[in-house]
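Below are the chains, spelled out letter by letter.
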Amino acid sequence: MGRNRNSGLRKRGGIWHIDKQVLGHRIHQSTGTSELKTAELILARRVEEIRQASVFGIRPVRIFREAATRFLEENTHLATLRTYAFHLKELDPYIGELPLHQVHMGTLQAYIDQRKKEGKKNKTVNGALATVRRVLNLSARLWRDEHGLTWLESAPLIQLLPLHDARRPYPLSWEEQHRLFKALPDHLSRMCLFKVNTGCRDGEVCSLQWDWEIDVPELGTSVFLIPGAKVKNREDRLVVLNRVAKSVIDSVRGQHPQRVFTYYGRPVRSINNNGWKTVRRKLGLPIRVHDLKHTFGRRLRAAGVPLETRKILLGHRNGDITTHYSAPELEELIEAANRVCSGKSGKTPALVVLRHRTQSAGAR
């Protein structure tokens, strides 16, 4: 093991590590280099940072990548962790090496320009900007070092882009639904039929498990209660089955011991796969998987279902809503969900969809 007693550096595995106490603070970290002179410079910088912080209250310089790493490590419980990680990975080439105080709208402009050049919508870019804003706010308001100093003196204003180019929801007409579901592979058609009759999100449908089914013998039916860990808003999600959704569940019962929806015995990771995309392009429908949830919501509203009932059926966050329901309350929810079921003709007066000519001409 190499060692430089004077500088407080130890060499392990070919890399110099700092092991030194300065003004009552222990420095114990890797320099990331095998060059002694470079390691000594890094150590000198760390010693000076501690001296400046202890004596003069000057913050050590931290780069954005360090803050991003801490953010991910502290939020492994979030359902949106993968999205945050994706955004931070995309941002790293642009701001990863920048000191925190140099991250602002000016230094983010190159990232914004590149994403717009790639044809990304402002809403997509805003997701990354909101992630940066959150990391900077934590650095300025919550995270403190061993000297009691926040990582950043103050967080800059990170402005989100205007949503003038946002894509509008595309609720399906009954005729479009018939064409789409008929063209989809059987396993996707069943999942989509369930989704458009329950308002579940893609991930909720794909992860649905038989253990989450709860029998309601008083009504001769069942419901599903999805654990909050599997739901975007982290609240338990009650899934009420109208007669169409119930028929879908019954058609796949017994096919798999754990998962409700599978393909050749394997869980389906996403409805938005190549099979879905191929059929959508073939039919020329500008619909996305999430539009099936919008379709369910629009049909409920058109059928005169009250707002509070719609919130429960769609799984929206509502602090006043409980997952403890009486049989009459569940019966009311099921009756409301059944109001969006089509009749024998495949049509219903519950929803009239108005289209611009250009919107129905083909997929975007």
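Described in the following lines is the structure provided in the data block. (Residues numbered from 1 in each chain as written. Predicted model: local features only at pLDDT ≥ 70, side-chain atom pairs only at ≥ 80, totals over all residues. Heavy atoms only, no water.)

**Looking at the overall build of the protein**
In step 1: A count of helices and strands for the protein gives 13 helices and nine strands.
In step 2: Residue pairs at least 24 apart in sequence account for 61% of intrachain contacts in the protein once pairs closer than 6 positions are excluded. (Helix = DSSP H or I, 4+ residues; strand = E, 2+ residues; numbered from the N terminus. Contact = heavy atoms within 4.5 Å.)

**Concerning the side chain of His17**
In step 1: Structurally, the position occupied by His17 is in strand S3 (residues 15-22).
In step 2: Side chain to side chain, His17 and Arg12 meet in a polar contact 3.3 Å long. (Polar contact = N/O pair within 3.5 Å; in protein donor to acceptor, adjacent residues only side chain to side chain.)

**Focus on a negative patch on the surface**
In step 1: A contiguous patch of negative charge, built from Glu329, Glu331, Glu332 and Glu335, is present on the exposed surface.
In step 2: Considering the arrangement of structural elements, one finds Glu329 in helix H13 (residues 327-338). (Patch = residues over 30% accessible without salt bridge, like charges linked within 9 Å, V, L, I, M, F, W, Y side chains within 5 Å. Areas by Shrake-Rupley, 256 points an atom, 1.4 Å probe, with all protein chains shown as cover. Salt bridge = Lys/Arg side-chain N within 4 Å of Asp/Glu carboxyl O. Lys, Arg positive; Asp, Glu negative; His and termini not counted. Charge placed at Lys NZ, Arg CZ, Asp CG, Glu CD.)

**Observations concerning the state of the cysteines**
In step 1: A full pass over the atoms with the stated rule returns zero disulfides.
In step 2: Cysteine Cys192 is unpaired, with the sulfur of Cys206 as its nearest cysteine sulfur at 9.4 Å.
In step 3: The buried category is assigned to Cys206, whose relative accessible area is 4%. (Disulfide = S-S within 2.5 Å. Buried < 20%, exposed > 50% of the residue type's maximum accessible area, 1.4 Å probe, protein only.)

**Considerations on the nonpolar core**
In step 1: Judged by nonpolar contacts, the single largest core of 35 residues is most densely connected at Phe194 and Trp276.
In step 2: Ranked by residues supplied to this core, first place goes to helix H7 (residues 186-196) with five residues.
In step 3: Those residues in contact with Phe194 that sit more than four places away from it in its chain are Cys200, Val205, Leu208, Val239, Leu241, Ala245, Val248, Ile249 and Phe261. (Core = buried A, V, L, I, M, F, W, Y, C linked by side-chain atoms within 4.5 Å.)

**Section: the sheet that holds strand S6 (residues 221-226)**
In step 1: Taken in spatial order, the three strands make up an open sheet running S5-S6-S7, and their pairing is antiparallel. Edge strands, defined here as strands with exactly one partner in the open sheet, are strand S5 (213-216) and strand S7 (237-239). Pairwise comparison of adjacent strand axes, ignoring direction, gives a mean angle of 30° for this sheet.
In step 2: The pairing of S5 with S6 spans four bridges and is classified as antiparallel. Bridge assignment links Asp215 to a residue of S6, and that residue is Ser222. (Pairing = 2+ DSSP bridges. Axes fitted to C-alpha atoms, helices over the stretch in contact; angles between N-to-C directions.)

**Regarding the environment of Val340**
In step 1: By secondary structure assignment, the location of Val340 is in the segment after H13.
In step 2: For Val340, a relative accessible area of 2% puts it in the buried group.
In step 3: Residue contacts for Val340: discarding those within four places in its chain leaves Trp174, Asn197, Asn242, Phe296, Arg299 and Leu300.

**Observations regarding the packing of helix H3 (residues 81-95) against helix H5 (residues 122-141)**
In step 1: Contact pair H3 / H5: the axes reach a minimum separation of 9 Å and the direction vectors enclose 80°. In terms of orientation, H3 lies roughly perpendicular with respect to H5. Taking contact as the criterion, the partners of Tyr84, His87, Leu88, Leu91 and Ile95 in H3 are, on H5, Thr124, Gly127, Ala128, Thr131, Val132 and Arg134.
In step 2: When grouped by side-chain class, the residues that make up the contact of H3 with H5 number six nonpolar, four polar and one charged. (Parallel < 35°, antiparallel > 145°, perpendicular 65-115°, else oblique. Nonpolar A, V, L, I, M, F, W, Y, C, P; charged D, E, K, R; others polar.)

**Here we look at unusual backbone geometry**
In step 1: Unusually for a residue other than glycine, Tyr264 sits at a positive phi of about 55°.
In step 2: With respect to the helices, strands and loops of the structure, Tyr264 is situated in the loop between strand S8 (262-263) and strand S9 (266-267).

**Brief notes about the packing of aromatic side chains**
Working definition: an aromatic ring pair is given by the centre-to-centre distance plus the angle between the planes.
In step 1: Applying the stated criterion across every chain, the model contains six aromatic pairs.
In step 2: Each ring, one from Tyr94 and one from Tyr111, has its centre 5.5 Å from the other, and the planes form 80°; the classification is edge-to-face. One end of the pair, Tyr94, is in helix H3; the other, Tyr111, is in helix H4 (residues 105-117), with 17 residues separating them in the sequence.
In step 3: In this structure Tyr94 comes out as partly exposed when scored by relative accessible area, which is 28%.
In step 4: Judged by relative accessible area, which is 1%, Tyr111 ranks as buried.
In step 5: Relative to Tyr264, the ring of Tyr263 lies with its centre 4.7 Å away and its plane at 75°, an arrangement referred to as edge-to-face.
In step 6: When its relative accessible area of 70% is taken as the criterion, Tyr264 is described as exposed.
In step 7: Looking at Arg62, its charged tip hangs above the ring of Trp151, at a distance of 4.4 Å from the centre. (Phe/Tyr/Trp six-rings, centres within 6.5 Å; stacked < 30°, edge-to-face > 60°. Lys NZ or Arg CZ within 6 Å of the ring centre and 35° of its normal.)

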